[in-house]
Amino acid sequence: QVQLVESGGGLVQPGGSLRLSCAASGLIFSDYIPSWYRQAPGKEREFVAGITSAAGNANYADSVKGRFTISRDNAKKTVYLQMNNLKPEDTATYYCKFRGAWFQRDYWGQGTQVTVSS
């Protein structure tokens, strides 16, 4: 069945880097637009970054622009979020999302915790 398996989260000091991965299975990768969201305790889930499957065009939330990079590997059916110069305010649970490019269907990963602390 459809699964989005996330990995790469952890504890990192401010200024450090992490790379999150979201590996998809059970779906046609090119039919979906991958993105990343995050949610901190007591706060709403917010958009972080997205990338089109077809052309690779990316967009970012202002809070992460210039620090985070979203990418995908079509052969591996995996989307990545490279996070550099991490800040404490980046602490959250990060979720990958696959949105149907031409149809109404969303899949979510289970989330991976990112904690930025000294």
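Residues numbered from 1 in each chain as written. Predicted model: local features only at pLDDT ≥ 70, side-chain atom pairs only at ≥ 80, totals over all residues. Heavy atoms only, no water.

S.K.: Hey, could you go over the state of the cysteines for me, with residue numbers and the actual values?
M.R.: Per the counting criterion, the structure on display carries one disulfide. Each sulfur of the disulfide joining Cys 22 and Cys 96 lies 2.0 Å from the other. Disulfide Cys 22-Cys 96: torsion about the S-S bond near 50 degrees, hence right-handed. Of this pair, Cys 22 sits in strand β3 (residues 18-25) while Cys 96 sits in strand β9 (residues 92-100), and the two are 74 residues apart along the sequence. Since its relative accessible area comes to 0%, Cys 22 is described here as buried. Look at Cys 96 and you get buried, because its relative accessible area is 0%. (Disulfide = S-S within 2.5 Å. Helix = DSSP H or I, 4+ residues; strand = E, 2+ residues; numbered from the N terminus. Buried < 20%, exposed > 50% of the residue type's maximum accessible area, 1.4 Å probe, protein only.)

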